[in-house]
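Tertiary structure, described
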Amino acid sequence: MVLENKHSPDIEEKNVGSYSGGDDLTSALSRHTQEYDLYVARSTPSAIVQEDGHQLHRSLSARHTSMIAIGGALGTGLLIGTGSALKTAGPGAILVSYSLIGFVVYIVMTALAELSCFIPLNGFANYGKRYSDEALGFACGYIYLVKYLILPANQLTAGALTMQYWVSRDKVNPGVWITVFLVVIVVINFLGVRVFGEIEFFISSLKVLTCLGLILLLWVIALGGGPTHDRIGFRYWKDPGAFIPYYSADKDLLIGGAKGRFVSFVASLITSVFAYLGTELVAITFAELKNPRKAIPKAIRLTLYRILVFYVLSILFLGMCVSSRDPLLMSASGTNAGASPFVIAIKNARIGGLDSVINACILLFVLSAANSDMYVCSRSLYSLAADGYAPKFFTKTNRLGVPYYGVAVSVLFCLLAYMNVSSGSQVVFGYFVNLVSLTGLIAWSCILIFHICFMRALKAQGFDRKRDLAFRSPMQPYATYFSLAICILVIFIKNFTVFLGDEFDYKNFITGYLMLPVLIILYLGYKIWKKTKWLSPQEVDLNTFRDVVDAEYEKFQAEDAERKAIREAEGKRFDREWFYEKFLGWIF
């Protein structure tokens, strides 16, 4: 939303008051200019991005954001990655590990929602600049960008591998599928954020239906409702056990006893983190929301239910239906239906015809992830450029509000996927993937640090979280400190298995931890170069433009109340919108 009038770019403190009066509301909204739109999207306004052709479009609704939030979390990490965790640690261990990391993810998302509802910003660098230290925001922004420069290529590769379930690479070169999928996601990203949101809503809805269907199917199988009528129950929790010793076929290493079970649990903890990575990408959409204070809490509040249903329940039933020592599970590898423990459960229950269906779902999940990753990459570059951290031409947008130079850079890095056409270069590409796996944990940690600084500033400046915030993260401040401790712990133990056995896997060690020193170098380098300092709680700016965001929220509330009154006056109280909100909104 852009108005024609402009105000001084000098940042001044705004008083926050009631906006019940029409004049006050109009006065506040009149300051919602091109500069303010940019400020809300980027913490430092820049003259170049106030011009036409440099602005994002605010076209996403709560419906889109809610589904992008869940779409970012549901992927091959759940459908396939759970198999490696199950055979490593056992059903009890992965249930505990997925639940623990799920709690951490929930706290990260609610902390992000609390920050975003106060003043919606785009890009994690902007929250760092406003609430903690500009150098930390800069480092976090670039670390996160690295992740989404490489991830689309990884997703395209996974898509090509999935197609090999039907067509072997001897008949059709994987490069053909990579090219087709790349063209599709580029077209979607160039059609604008509105089209992107609708497509992601549709695909994510299919993801939800797929996961719900699989959970129901596993439940039926566990209770003996399959063709074999074998009531499995918790049989596999007893034999081979809920927590199993650690075994590595690559190193021919077996660690038995309590020590082995603990090592297995830690390994499954790390695997479960990878299944949740990407949940935070919904924050990149916040600058393109119509009504952020309504859309953001709705998307984030549902995260808890989705974690409980789609992760915890599916892990519970999966551990009941598939033994951690199942021969099919032990021999599974790759990125297709054959490696999915859900498919193994279906095969063991002698249900035919579902292999291809599950494989098609995996392909859908992968393409959706690639589409979202390209979107995040382009918006991250836009955010960094608007703040002066990257060349200014990355802020240029087409008439649909698409930062096309950012999309072009993402396309160039997608060409890395063609490395997988050669068997020799697949090993190198695997190191690339290992390189970026740490970036998600770093992003979570930075979000929690920003939230801690935000809460300290609120307390120091006399704000009441219960009274003055549109959304509050629960169990604070303890939950954020606990989640931050878990994230830091997992960061340091992520590749601990390289130390096990007689042979030290130095290549995986270097690629697995390289982003950590890169983060430190970026932070210290920028801090020394720009001479930034860590903001004290009293120095944090909690007032600038907050009254404008408050006024905009009240404007949307008034419009919603007016629409509701019109529907009731016309006798349409229980219309399609009411039905959607009451019965489908919690899922979709």
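Residues numbered from 1 in each chain as written. Predicted model: local features only at pLDDT ≥ 70, side-chain atom pairs only at ≥ 80, totals over all residues. Heavy atoms only, no water.

The next point concerns the overall build of the protein. For the protein, the helix and strand inventory stands at 25 helices and two strands. Within the protein, buried positions represent 57% of all 588 residues. Excluding contacts between residues fewer than 6 apart, the proportion of contacts in the protein whose partners are at least 24 apart in sequence is 80%. (Helix = DSSP H or I, 4+ residues; strand = E, 2+ residues; numbered from the N terminus. Buried < 20%, exposed > 50% of the residue type's maximum accessible area, 1.4 Å probe, protein only. Contact = heavy atoms within 4.5 Å.)

With respect to burial, helix 15 (residues 341-348) is a largely interior element, six of its eight residues being buried. For helix 15, every residue scored as buried is listed here: Pro 341, Phe 342, Val 343, Ile 344, Ala 345 and Ile 346. Positive phi appears at Arg 350, one or two residues downstream of helix 15, with a value of about 60°.

Counted by the stated rule, this structure contains five salt bridges. Residue Arg 467 pairs with Asp 468 through a salt bridge whose shortest N-O separation is 2.9 Å. (Salt bridge = Lys/Arg side-chain N within 4 Å of Asp/Glu carboxyl O.)

For the rest of this paragraph, the subject is the state of the cysteines. In this structure the tally under the stated criterion is zero disulfides. With no disulfide partner, Cys 140 has as its closest neighbouring cysteine sulfur the one in Cys 446, 3.6 Å distant. The cysteine Cys 414 is free of any disulfide, with Cys 377 supplying the nearest cysteine sulfur at 8.0 Å. Classification of Cys 414 by relative accessible area gives buried; the value is 0%. (Disulfide = S-S within 2.5 Å.)

Turning next to the packing of helix 8 (residues 134-163) against helix 23 (residues 515-530). At a closest axis distance of 8 Å, the pairing of helix 8 and helix 23 adopts a crossing angle of 145°. Viewed along their axes, helix 8 and helix 23 form a crossing whose handedness is right-handed. The segment helix 8 lies against helix 23, with Glu 134, Ala 135, Leu 136, Phe 138, Ala 139, Cys 140, Tyr 142, Ile 143 and Val 146 engaging Met 515, Val 518, Leu 519, Leu 522, Tyr 523, Tyr 526 and Lys 527. Counted by class, the contact of helix 8 with helix 23 contains 14 nonpolar, no polar and two charged residues. (Axes fitted to C-alpha atoms, helices over the stretch in contact; angles between N-to-C directions. Left-handed = near helix turned anticlockwise from the far one by under 90°. Nonpolar A, V, L, I, M, F, W, Y, C, P; charged D, E, K, R; others polar.)

The biggest cluster of nonpolar side chains holds 135 residues, and the ones touching the most others in it are Tyr 131, Trp 444 and Leu 542. The biggest single contributor to this core is helix 6 (residues 91-118), with 17 residues. (Core = buried A, V, L, I, M, F, W, Y, C linked by side-chain atoms within 4.5 Å.)

What follows deals with the packing of aromatic side chains. Considering all chains together, one arrives at 23 aromatic pairs under this definition. Judged by centre distance (6.1 Å) and plane angle (5°), the ring pair of Trp 219 and Phe 317 falls under stacked. Within this pair, whereas Trp 219 is found in helix 10 (residues 193-222), its partner Phe 317 is found in helix 13 (residues 292-321), the two being separated by 98 residues in sequence. A residue is classified by how much of its surface remains accessible, and Trp 219, at 45% relative accessible area, is partly exposed. With a centroid separation of 4.4 Å and an interplanar angle of 35°, the aromatic rings of Phe 393 and Phe 394 are classed as tilted. Phe 393 sits in the partly exposed class, given a relative accessible area of 37%. Judged by relative accessible area, which is 10%, Phe 394 ranks as buried. Within the aromatic cluster, the residues linked to one another by ring pairs are Phe 138, Tyr 142, Tyr 389, Tyr 526 and Trp 529. The aromatic ring of Trp 529 is capped on one face by Lys 530, whose charged end is 4.6 Å from the ring centroid. (Phe/Tyr/Trp six-rings, centres within 6.5 Å; stacked < 30°, edge-to-face > 60°. Lys NZ or Arg CZ within 6 Å of the ring centre and 35° of its normal.)

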